[in-house]
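Here are the chains, one letter per residue:
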Amino acid sequence: MSAPTLNPLHPGEWLGMLGGGQLGRMAVHAAQALGYRVAVLDPDRHSPAGAAADEHLQAGYDDAGALTQLASRCAAASTEFENVPAAALSRLAQDIDVAPAAIAVAVCQDRAAEKAHFQKAGVPCAPHAVLRGAADCAGVDPALLPGILKTARMGYDGKGQRRVNDAAELAAAFAELGGVTCVLEQRLPLAAELSVIVSRGVDGQMVTLPVQRNWHVNGILATTAVPAQGIAAELQAQAQQFAQSLAAEFGYVGVLCVEFFVLEDGRLLANEMAPRPHNSGHYSIDACSHSQFELQVRAMAQLPLPEPRLHSACVMLNLLGDLWFDAQGHRREPNWAAVLRLEGMHLHLYGKADPRPGRKMGHLTVTAPTAWEARGQALAAARVLG
Ligand code: ADP
Ligand code: MG
């Protein structure tokens, strides 16, 4: 069977977005730049994407009336929110093109299914076991300890995870996480963390962004640098190849992000996937010829996918709500003017009114001619932000 050919949507047509967070907001900007109109479905009246969209349907993701409205208005739909019920995507797919498909989103929502997908696609991942009840904990292979216990569903930014050293801690942590299905992973000696964004069209064409190197603090992404310095070119090519294999195995349409571990012995393992643009890909707005959001919109709208080119070295800093409080815990506004006075600064604020510690309020991408200069400027920006 030959791959379907592209049937591009016309400017002025409507795209639907499930979820109204910052990822949706940046997708709205990219869609509007290409002449599309966007309807966002999100229950929050103050949703960042809702504020930018041509229309904000303020309703739950399982609201039958709102889904019908979205399906009648839009030619295609996507999701920016990983935990949107797969049933909502299936409902939309009865009437319009949905990218990615509900089945791919469902796999990415469940760490057990995700690990099975890695294995099916021939992509190595951490040694692990799926624990469905207390009895599974008792019978666990001791080689998996010390390990990290992760709830199979609904985990993000390090939430829903416990580090466990022995069988007793495992049993206690499993109970503490509510006895829900979990994946226990062997705790691995990490040398680096990488991620790759791949976009795949309905015609099967795939393009990838350059490989991102990521640093997490307290389980939340803090910094991304591109190019991924210190990572061998062959390993980077391997990561891009793995990401493409994972997308192709699904027959995926849209943007998929795959996170990887590089182990101290040099091995590359897949960690997890997100069926959407990803925080680690935000740098592409300012440092690449085409951003992850444009790639998402192009895939949805059945437009050709360009091979994105990195035109500047960059460092992306996440701006968490913590920056909006001084050492005494009093509210303050970070000194944006002082940051923007530095060379190479690209500030993105998501329009969230209510800063909280750990909440993603925006990001700052620092671009420069060389990785060395980007790093220096990022350090200068971090100093100004305090
Ligand atoms: P989340 O959905 O919260 O991003 P991850 O599975 O990516 O969950 O885990 C968050 C972070 O925890 C990873 O980026 C990595 O730094 C660390 N981590 C996760 N799994 C392991 C592991 N098996 N061994 C060592 N570190 C890990
Ligand atoms: Mg992760």
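**Digging into the overall build of the chain**
The helix and strand inventory of the chain stands at 13 helices and 18 strands. Computed over the C-alpha atoms, the radius of gyration of the chain is 21 Å, within 12% of the 21 Å expected from 2.2 N^0.38 for a compact globule of 386 residues. Each principal axis of the C-alpha distribution contributes one length, and for the chain these read about 60 × 50 × 45 Å. Per-residue burial over the chain gives 55% buried out of 386 residues. Once local pairs closer than 6 in sequence are excluded, the contacts in the chain between residues at least 24 apart make up 61%. Put simply, the chain shows about 16300 Å² of open surface, and 52% of that area lies on carbon and sulfur atoms. For the chain, the distance from the average position of its 30 positive side-chain charges to the average position of its 37 negative side-chain charges is 3 Å.

**Examining the packing of helix α3 (residues 64–73) against helix α4 (residues 86–93)**
For the pair α3 and α4, interaxial distance at closest approach is 9 Å and the crossing angle is 40°. One way to sum up the angle between α3 and α4 is to call them oblique. α4 is crossed by α3, and the crossing has right-handed handedness. Residue-level contacts link Leu67, Thr68, Leu70 and Ala71 of α3 to Ala88, Arg91 and Leu92 of α4. Partitioned by chemical class, the residues of the contact of α3 with α4 number five nonpolar, one polar and one charged.

**As for helix α11 (residues 292–300)**
Counting buried positions along α11 yields nine of nine residues, so the element is predominantly enclosed. Of the residues one or two after α11, Gln302 is the one with positive phi, at around 55°.

Scoring rules and cut-offs
- Residues numbered from 1 in each chain as written.
- Chains lettered and ligands numbered in written order.
- Predicted model: local features only at pLDDT ≥ 70, side-chain atom pairs only at ≥ 80, totals over all residues.
- Heavy atoms only, no water.
- Helix = DSSP H or I, 4+ residues; strand = E, 2+ residues; numbered from the N terminus.
- Rg over C-alpha atoms; globule rule 2.2 N^0.38 Å.
- Buried < 20%, exposed > 50% of the residue type's maximum accessible area, 1.4 Å probe, protein only.
- Contact = heavy atoms within 4.5 Å.
- Areas by Shrake-Rupley, 256 points an atom, 1.4 Å probe, with all protein chains shown as cover.
- Lys, Arg positive; Asp, Glu negative; His and termini not counted.
- Charge placed at Lys NZ, Arg CZ, Asp CG, Glu CD.
- Axes fitted to C-alpha atoms, helices over the stretch in contact; angles between N-to-C directions.
- Parallel < 35°, antiparallel > 145°, perpendicular 65-115°, else oblique.
- Left-handed = near helix turned anticlockwise from the far one by under 90°.
- Nonpolar A, V, L, I, M, F, W, Y, C, P; charged D, E, K, R; others polar.

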